[in-house]
Amino acid sequence: MKVYDVVPGLEFEPERDFAQSPAWFLDGTHSVPPWTPMFGWFWINFCRHGMQYGAEKLSLPTVKGWDWRFHRGGGYLTLLLVHSEEEKQRRETEFRKAILPFIDNYDELWGGYVKEILGRYEKLKALDLDKASSTDLLDNFEETINTCRRMWEIHMYMMYGTYTAYILFENLCRELAGIDDTSPLFHNLVSGFDNKVFQVDRLLWEFSKRAREDGLAEFFLGSKPAEIRGRLQESTKGKEFMKAFMAFMNEDGWRMQRMSEMNMPTWVEDPTPALVNVKQFLQKGGGFNLDAERSKITEQRKKAEKEVLAKVPQEQRGWFGRLMLLAQKSGVFSEEHDHYLDLYTHAMMRRSALGLGRRFAQKGTLNEAEDIFFLIPDEVRRAGINPDQFDLRYIVDRRKAEWQEWQKTPNPPAFLKEGFDMDMAMGVLVQSMDPIALKVVVGAMPQVRPELKADLYGTCGSPGVAEGPARVILNEDELHLVEEGDILVAASTSPSWTPVFSMIKGVVVDRGASLSHAAIVGREYGIPVVMNVFEGTAKIKSGQRIKVDANLGVVFILNK
Amino acid sequence: MSDKWIFWFEELGTGDNDRVGKKCANLGEMTRLGLRIPPGFAISIDGYERFMAETGAGEEIRRYVQENREHLKEIKNQIIASKAIRNIIESKEMPPEMREELFRFYDQLKERAGDKELSVAVRSSGAVSMPGQMESYLNVRWKESVLQKMIQVWGSAFTTRAIAFRLEKGMAMEKAPIGIAVLKMVEAKSAGVVLTVLPTIGDLSKVVVEGNWGLGESVVSGEVNPDQFIVDKSDGTVESTVNRKTKMVVYHDGGTITANVPAEIQGKPCVDPEELKEIVRVAKQVEDHFQTPQDMEWVLDRFQSIPDSLYWVQARPAKYTKAKEKESEYLAELMTRMFKR
C-alpha cells in the first residue's frame, strides 16, 4: 500500500510551485523546529484555508490570502496577489462595506467569536475519552478537525481586519501627529491594556504570593523544575496549593508548551512550565508588585493619548480617536487571540488525538499513544472505528524516521526560483500590502548607522535602554534557564514566553514587527525590545554582557 | 404679568424654561426625576421685569440706549454702556413688596434646609443662550446680601458682549430673559462632572466622572487636572486616573477662594468606590429617562454619607461627537485607500 505524503496535495514541488510563485518563505516563527506530521497537516491545510477565507470575507483589495506548502516539517508560504486593476477596484468597493463591522462593533464582533469557539471547546471536552466508544472517539476527532478549520477562519478574518486598522493608525500618526511606530510615544499609546494572557499571568503571580504566605517558597526555590510538583505534595499546605493550582490549570491551562505543535504536554497534563512561572515570580522577591508595574504603564498611555490627540486638529479628533481605540484593541487582540484560538485549539487537537492514540495502542494499532502524531487524519480514519483490525505501525516507523531526519538539518529560509533573490522576494511581500505580512512577518527594515558603532542594528519594538547578561533561548524548553535581570535573545517569541517578560530587562529578536508578540508584550511590561536584528541568536552568546538601546534600535556586545 | 414670581424647584419642569430660565427649569425637572438637588427656589423672568418696572430702571435704560444708539456700534462705547446700565440697575433698591416676599421664601428655605446659618448660591438662569458669561455668586449669607447679589445677577445681563449681541440681533435692549436660582450651598467634600458618553469619540458604552476636592468650580472651569474615572456601562469596570490635585475652590468670607489641598489628600481619589458607583448609577438613570447622553454636575456633602451626601446641581444633554456613521464611512474610505499605492 502506498504511504501518503504528509499533506497530500500541498507538499512543496519546485517544478509546479515555482510556476505559481517565484518565492516561498519558511514560517520560522511557527515551523522551526520541524512539525510532527499530524500537526503539519492541520496547520498547512487550515491556516491556509483561514487566510484565504479571511481575505475573501473582507475582500482585501490587493491580496487573496496566502498559499502554503509543506516541506520536511516546515511551512512555506507565498502570497496570492490580485493581478488585474479591474478586480482590485471591484474588491475595493466590497472592502469598504466589509470592514465596517470592525469600525462599528469591534467588541461584539470579537466577543461573539470568542463565545462561539469556547462553546466548541466545551463540547469537545464533554466527551470522556477513555470511556467513549471508538465511534465516538472518531467523531470527537472529526469535530476537532472542524473546530480547527473554523478557528483559522475566525483567526484570519479578525487578524486581517484588525491589523488593517492598526496600519492605518500608524500611517495617520505619522501624517497627523508626526510620530511613527518606532517612536516611544507611539508605543506608550498602544500599551497598558488588560488581556486574557495577562490575566493568566496575574493569576500566576497571585499563586506566587500564596506560596510565599503558606511557607511553600522553599519548595519552589530549592527544586529543579520537574521536582516542584512532587515536593509540594509532601506537605498538607502544598497539597492544598496544588489542588487549587490544578483547578486553575483546568480553567486556563489549555495551552501548549510550544504554541504551534502538539507533541508536548498541555499545562493541564503537566503544569511544570506554569509552576516554573510561579517560581520565577518568587525569585523576584516579595516587594515585586505586578499590578503597580502595570498601572504605571497605563498612566503613561493616558498621558500619551492626551499628548497625541492634542497634536491632531480639533475637527479631526472624533474619527481619529475612534481609530486610535481600534488600533489599541489590535494590540489586545494580538495577545489574546493566541490564548483563545491557537493555543486552545491545539490543546484540543492534542487531547482528541491522544484519546484515539491510547485506544489504538490498546488495540495494537500503534505501539504507543503518542505515535498518533505521526499519522494524518485519513490514516486515523482508516483504523478509527475498528482499530483492532489495522496495524499502522509501519507508517509511524517510516514517518518517525523521516521526522528525526528533519530535525538534523534546518530548512532553508526561502525557496527562490532561479534568478530571483531575497530582496526581490521581500519587494513582493511589501507590494502585496498584506496587513499580516507587513505587521508580523516583514517588519520595518533596520537602518545601519555605522556612527553608532553597534554590533547589531534593528528596529524599536518597545522603547527603553537596558544592560545585562544575554540569555539566548532557541526554543520553549529552555525558558526555565532565564534568570532575573537577563536580556532575552531569541529568534522570535510567542505567548508561552510571556511570563518570563516580568523577569527580564530587555529583549532582542531576530525577526519581528510592531505587532509581533515580543513587541506587544515588551511594551506591556515596559522593557526595551529591539527587533529585526536578523543575526542576534547567531552573534550573541549566553552570558555575554550586552546593552540594548531600543530607542535607537541597536545592540552592543560589551565583552566580546 | 402673573403675580407669582418666586417658585420652589419642585413647582417647575422643563416646560417652564421661558418663565424661569433654563437652569431653574432644569433643576425643577431634576427634582421631578427624584434627583437630590440642594433645596432652593427660582426667581422668574417676571420678577426681573417687575423689578425693572417698579424701580424705573427699565425706563432709564431705554432712555440711555435711545440717546446713545448711534455710538453703540463702537466697542469702546459698548464698554461704557455696559458700565452705565449695570450702574443703573445696581443703584436701585429692591421694592418693599418684593423684598418682603423674597424674605418669606428665604426664611422657609432655612427651615427646609434645617440650617439657620444658611448660605446660598445665587446663579443666573438665562432662558436663551446668550454670549458673555452671566454672573453667579457663591456662598452668599444673610438676607440683605442675597438681595444685593440678585440685583447684580440681573445687572450681569448687560455685559459688553451681551450688549453687542443684542444690537447685532436687533433685540430690545432693556429686555433680559434672565431668571435666578437661589439654592443652598452644599458643604462640598468633593465635586465634579459626570458625562454618560466619552465626548471625544462618542463612545456611548462608557461613563466618565471627573472630580476634585472642594467645590465643583475648579473642575468646570478646567483650572485643575481632576481625577478621572471611566466606567464601563455594562460591566461597571473602572479605569481610574488619580491626579495630584494641589488646588481647590472653597468657601471664604461670603465668597470663594482657591486654596491649597492638604498634602496628605492631594494624591488620593476624591471619591470612594461607593460614591463613584452611586454617581454613575444616577447619571445612567437620567440618561435612560431622557434617552440621550447627559452632562451633569455633582457635589458630595462632607457632613452626610452616601447616598444622602450626593447632590446634583446641573443636568443637560451632553455635547459629543455624534457623526458616528459619517466617521465610520470615512474610516472605511481611509482604510480602502491604504491598499492603493
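Just so you know, these numbers come straight off a predicted model, no measurement behind them. Residue positions are given per chain, counting from 1 as you read along its sequence in written order. The order in which chains are written sets their letters, starting at A; the order in which ligands are written sets their numbers, starting at 1. Given that the model is predicted, a residue must reach a pLDDT of at least 70 before its local features are reported, and side-chain atom pairs must reach 80 or more before they are shown or counted; all residues, however, enter totals for whole chains, interfaces and linings. The side-chain quantities take in all heavy atoms of the structure and omit both hydrogens and water.

## A word on the nonpolar core
Convention followed: Nine residue types can take part in a nonpolar core, namely buried Ala, Val, Leu, Ile, Met, Phe, Trp, Tyr and Cys, and a core is a set of them joined through side-chain atoms within 4.5 Å. Each residue's exposure class comes from its accessible area (1.4 Å probe, protein chains only) as a fraction of the maximum for that residue type: buried when under 20%, exposed when over 50%, partly exposed otherwise. Helix and strand labels come from DSSP, where a helix needs a run of H or I of at least four residues and a strand needs a run of E of at least two; each type is numbered from the N terminus. It only takes one pair of heavy atoms within 4.5 Å for two residues to be counted as in contact.
Membership of the largest hydrophobic core comes to 123 residues, with the highest contact counts inside it found for A:Trp110 and A:Ile372. If one sorts the elements of this core by residue count, helix 7 (residues 134-177) of chain A sits on top with 22 residues. Look past the residues within four positions of A:Trp110 in its chain and what remains in contact with it is A:Ile154, A:Met158, A:Phe333, A:Glu336, A:His337, A:Tyr340 and A:Leu341. Formed by 47 residues, the second largest nonpolar core is a distinct cluster that contains B:Phe7, B:Ala191, B:Ala283 and B:Ala315.

## Considerations on the interface of chain B and chain A
The condition that has to hold: Computed with a 1.4 Å rolling probe, the buried area is the accessible surface lost when two parts are put together, summed over both parts. Just to be clear on terms, a salt bridge is a Lys or Arg side-chain nitrogen sitting within 4 Å of an Asp or Glu carboxyl oxygen.
Chain B puts 23 residues into the contact, and the matching count from chain A is 31 residues. Where chain B abuts chain A, roughly 2,500 Å² becomes buried across the two surfaces, and 68% of that area is made up of carbon and sulfur atoms. For chain B, the biggest contributors to the area lost against chain A are B:Met335, B:Met338 and B:Phe339; these three give 29% of the whole. Where chain B packs against chain A, one counts four salt bridges. B:Glu239 is paired through a salt bridge with A:Lys302; the nearest N and O atoms lie 3.7 Å apart.

## Things to note about the domain arrangement of chain A
All names here are of chain A. Operational definition: Domain segmentation is taken from an automatic or database assignment of domains. Definition of a polar contact: a pair of N or O atoms within 3.5 Å, with one able to donate and the other able to accept a hydrogen when the atoms are protein atoms, and with sequence-neighbouring residues admitted only if both atoms are side-chain atoms. Any residue that is not Ala, Val, Leu, Ile, Met, Phe, Trp, Tyr, Cys, Pro, Asp, Glu, Lys or Arg is counted as polar, Gly included; the first ten are nonpolar and the last four charged.
When cut into domains, chain A gives domain 1 (1-98 + 410-441) and domain 2 (443-557). The gap between the C-alpha centroids of domain 1 and domain 2 is 27 Å. At the interface, seven residues of domain 1 touch seven residues of domain 2. Summing both sides of the interface, domain 1 and domain 2 together bury roughly 590 Å²; the carbon and sulfur share of this comes to 48%. Our count for the contact surface shared by domain 1 and domain 2 stands at zero salt bridges. Remark: the boundary between domain 1 and domain 2 carries zero residue pairs in polar contact (both at pLDDT 80 or more). It is helix 19 (residues 435-442) that contributes the most residues to the side of domain 1 that touches domain 2, five residues altogether. The residue inventory of the side of domain 1 that touches domain 2, partitioned by class, reads five nonpolar, one polar and one charged.

## As for the packing of helix 9 (residues 196-213) of chain A against helix 15 (residues 317-362) of chain A
Residues and elements named next belong to chain A. Put simply, the rule reads: The axes are straight lines fitted to the C-alpha atoms, using for helices just the contacting stretch, and the angles between their N-to-C directions are given from 0 to 180°. Roughly parallel refers to an angle under 35 degrees, roughly antiparallel to one over 145, roughly perpendicular to one between 65 and 115, and oblique to any angle outside these ranges.
Helix 15 packs onto helix 9 with a crossing angle of 75° between their chain directions and a minimal axis gap of 7 Å. Here helix 15 runs roughly perpendicular to helix 9, going by the angle between their axes. Residues Lys196, Val197 and Val200 of helix 9 touch helix 15, and the partners they reach there are Glu335, Glu336, His339 and Tyr340. The residue makeup of the contact of helix 9 with helix 15, split by class, is three nonpolar, one polar and three charged.

## Considerations on the sheet that holds strand 8 (residues 227-232) of chain B
Residue and element names in this part refer to chain B. For clarity, the cut-off: If DSSP finds at least two bridges between two strands, the strands pair.
A sheet is described by the order of its strands in space; here six strands give the open sequence 9-8-7-6-12-13, paired in antiparallel fashion. The strands lining the two open edges of the sheet, one partner per strand, are strand 9 (238-241) and strand 13 (310-317). Sheet twist, expressed as the mean angle between neighbouring strand axes with direction ignored, is 15°. In terms of strand pairing, strand 7 (residues 206-213) meets strand 8 through six bridges, oriented antiparallel. Bridge assignment links lysine 206 to a residue of strand 8, and that residue is aspartate 232.

## Let's talk about the confidence of the model for chain A
It should be kept in mind that the predicted coordinates are not to be read in detail where pLDDT is low. To keep it simple, the criterion reads: Confidence of the predictor at the level of single residues is captured by pLDDT, which takes values from 0 to 100.
Considering every residue of chain A, the mean pLDDT works out to 90; 98% of them sit at 70 or more. By mean pLDDT, the top-scoring element of chain A is helix 3 (residues 37-58) of chain A (98), and the lowest-scoring one is helix 19 of chain A (75).

## Brief notes about the domain arrangement of chain B
Residue and element names in this part refer to chain B. Here chain B is described as being made up of domain 1 (6-184) and domain 2 (188-322). Distance from the C-alpha centre of domain 1 to the C-alpha centre of domain 2: 27 Å. Contacts between the two partners involve 13 residues from domain 1, matched on the other side by 19 residues from domain 2. In this assembly, domain 1 packs against domain 2 so that about 1,500 Å² is buried in total across both faces, 57% of it on carbon and sulfur atoms. Among the residues domain 1 hides against domain 2, the three largest losses belong to Leu33, Arg36 and Asn139. Together they make up 40% of the total. Summed over the shared surface of domain 1 and domain 2, the number is two salt bridges. Here arginine 123 and glutamate 217 are joined by a salt bridge, their closest N and O atoms 3.2 Å apart. Connecting domain 1 to domain 2 are five residue pairs in polar contact (both at pLDDT 80 or more). Of all elements in the fold, only helix 2 (22-32) and strand 4 (136-141) reach the threshold of two or more residues within the side of domain 1 that touches domain 2. It is helix 2 that provides the largest number of residues to the side of domain 1 that touches domain 2, a total of five residues.

## Considering the environment of A:Leu375
Residue and element names in this part refer to chain A. Tracing the backbone shows leucine 375 in the loop between helix 15 and helix 16 (377-384). What makes leucine 375 buried here is its relative accessible area of 0%. For the pair leucine 375 and proline 37, spaced 338 residues apart in sequence, the C-alpha separation works out to 6.6 Å.

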